[in-house]
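A structural walkthrough
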Amino acid sequence: MAEIIVVTSGKGGVGKTTTSASLASGLARRGKKVAVIDFDVGLRNLDLIMGCERRVVYDFVNVVNGEASLKQALIKDKRFDTLYVLAASQTRDKDALTKEGVERVLKELADEGFEHIVCDSPAGIEKGAFLAMYFADKAVVVVNPEVSSVRDSDRIIGLLQSKTRRAENGERVGEHLLLTRYSPSRVETGEMLSITDVEEVLGLKTIGVIPESPDVLNASNKGEPVILDMESNAGQAYDDAVARLLGEDRPMRFTQAEKKGFFSKLFGG
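Residues numbered from 1 in each chain as written. Predicted model: local features only at pLDDT ≥ 70, side-chain atom pairs only at ≥ 80, totals over all residues. Heavy atoms only, no water.

Once that is clear, we can look at the overall build of the protein chain. A tally of regular secondary structure across the protein chain gives 13 helices and eight strands. Considering the protein chain as a whole, with its 269 residues, one finds that 54% of them fall into the buried category. Approximately 12400 Å² of the protein chain is accessible, and the part contributed by carbon and sulfur atoms is 49%. In the protein chain, 36 side chains carry a positive charge and 41 a negative one; their mean positions are 1 Å apart. (Helix = DSSP H or I, 4+ residues; strand = E, 2+ residues; numbered from the N terminus. Buried < 20%, exposed > 50% of the residue type's maximum accessible area, 1.4 Å probe, protein only. Areas by Shrake-Rupley, 256 points an atom, 1.4 Å probe, with all protein chains shown as cover. Lys, Arg positive; Asp, Glu negative; His and termini not counted. Charge placed at Lys NZ, Arg CZ, Asp CG, Glu CD.)

As structure tokens, this is what we get:
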């Protein structure tokens, strides 16, 4: 059985696509057969972060509408033999996806032996976001530690608990919190919510804390998921999140502000 993981948030620009690309790559690096699907019809960014934008011929909507086969549309990743990308359409509108069409594609992926299907959801609560979460077994709710992002994500959690197939069957989607752009020093000065603050508001346990880092943008610009840069704190933090998603127990890193040494305090460094 394929496990369907939706990466979702209430607010745009919090790092969902970066997270989808990194989780999919991290799972593939562990030998899992993974498909990652871009549900953001009309925008399409996943293929850029995965570095395969020039290889998109057919997209998700083409497959849903029967204009191309799944095999024609899936793009094999350059780095991992077990990782495939299904890009969104840039030219259709949000209503191009249907529940029946999405279900058919997900079933076909499962029949092809995919172990994990990562659904990169658009922000908010419109149709693409609803379809991305409807069939999910697990949800990774991506949140920046600031009030508006947390409030919008609270709404998404309400939908996960009421509007998904699992909810209709009296079951729960496995919900996990992933904090992005986390700055322990800004938490200490009160400019940013702490991990505990966000967990208490949303009622979720944190699966990963991704530190604020220029490496994330640099990796995106190169078409490389940041998890592949294991020299960077952000890459290591995403790798930890993948391990926890698979049930491993790992300590949470990059959550404490660096303590200044005596000389740096003395000379203001």
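As a further point, take the sheet that holds strand β8 (residues 206–211). Read across the open sheet, the eight strands follow the order β3-β4-β2-β5-β1-β6-β7-β8; overall the sheet is mixed. At either margin of the open sheet sits one strand with a lone partner, and together these are β3 (75–76) and β8. One ladder, built from five bridges, connects strand β1 (residues 3–8) with strand β5 (residues 116–120); its direction is parallel. Bridging from a neighbouring strand, Ile4 pairs with Ile117 of β5. Across the sheet, helix α1 (residues 16–29) is in contact with β1, β2 (34–38), β4 (83–86), β5, β6 (138–143) and β7 (174–182); its angle to β5 comes to roughly 170°. Across the sheet, helix α7 (residues 147–160) lies against β1, β6 and β7, angled at about 165° from β6, the strand it touches most. (Pairing = 2+ DSSP bridges. Contact = heavy atoms within 4.5 Å. Axes fitted to C-alpha atoms, helices over the stretch in contact; angles between N-to-C directions.)

Closest axis-to-axis distance for the α1/helix α12 (residues 233–245) pair is 9 Å, and the angle between their directions is 65°. Crossing angle aside, the handedness with which α1 passes α12 is right-handed. Here Thr18, Thr19, Ser22, Leu23, Gly26, Leu27 and Arg29 of α1 lie close against α12, whose contacting residues are Tyr238, Asp239 and Val242. Of the residues assigned to the contact of α1 with α12, the class counts are four nonpolar, four polar and two charged. (Left-handed = near helix turned anticlockwise from the far one by under 90°. Nonpolar A, V, L, I, M, F, W, Y, C, P; charged D, E, K, R; others polar.)

Once that is clear, we can look at the packing of aromatic side chains. Enumeration over the complete set of coordinates arrives at four aromatic pairs. For the pair Phe39 and Phe60, a centre-to-centre distance of 5.0 Å together with 75° between the ring planes defines the contact as edge-to-face. With a gap of 21 residues between them, Phe39 in the loop between β2 and α2 (46–49) and Phe60 in helix α3 (residues 60–64) connect regions that are remote in the sequence. Among the residues examined, Phe39 registers a relative accessible area of 1% and is labelled buried. Residue Phe60 is classed as buried on the basis of its relative accessible area of 1%. Residues Tyr84 and Phe114 carry aromatic rings whose centres are separated by 5.6 Å and whose planes lie at 85° to one another, so their mutual orientation is edge-to-face. Of this pair, Tyr84 sits in strand β4 while Phe114 sits in the loop between α5 (99–111) and β5, placing them 30 residues apart in sequence. Considered together, Tyr84 and Phe114 belong to a single accessibility category, that of buried residues. By the ring-pair criterion, three or more aromatic residues cluster together here, those being Phe130, Tyr134 and Phe135. Positioned over the ring face of Phe114 is Lys33, at 4.6 Å from the centre of the ring. (Phe/Tyr/Trp six-rings, centres within 6.5 Å; stacked < 30°, edge-to-face > 60°. Lys NZ or Arg CZ within 6 Å of the ring centre and 35° of its normal.)

Within the largest apolar cluster, 49 residues are counted, with the highest numbers of intra-cluster contacts made by Phe39, Phe60, Leu86, Leu97, Leu109 and Ile117. Non-local contacts of Leu97, meaning those with residues more than four positions away in its chain, are made with Phe39, Val41, Phe60, Val61, Val64, Val102, Lys127 and Leu131. Counting 36 residues, the second-largest nonpolar core is a separate cluster that includes Leu178, Ile210, Val216 and Ile227. (Core = buried A, V, L, I, M, F, W, Y, C linked by side-chain atoms within 4.5 Å.)

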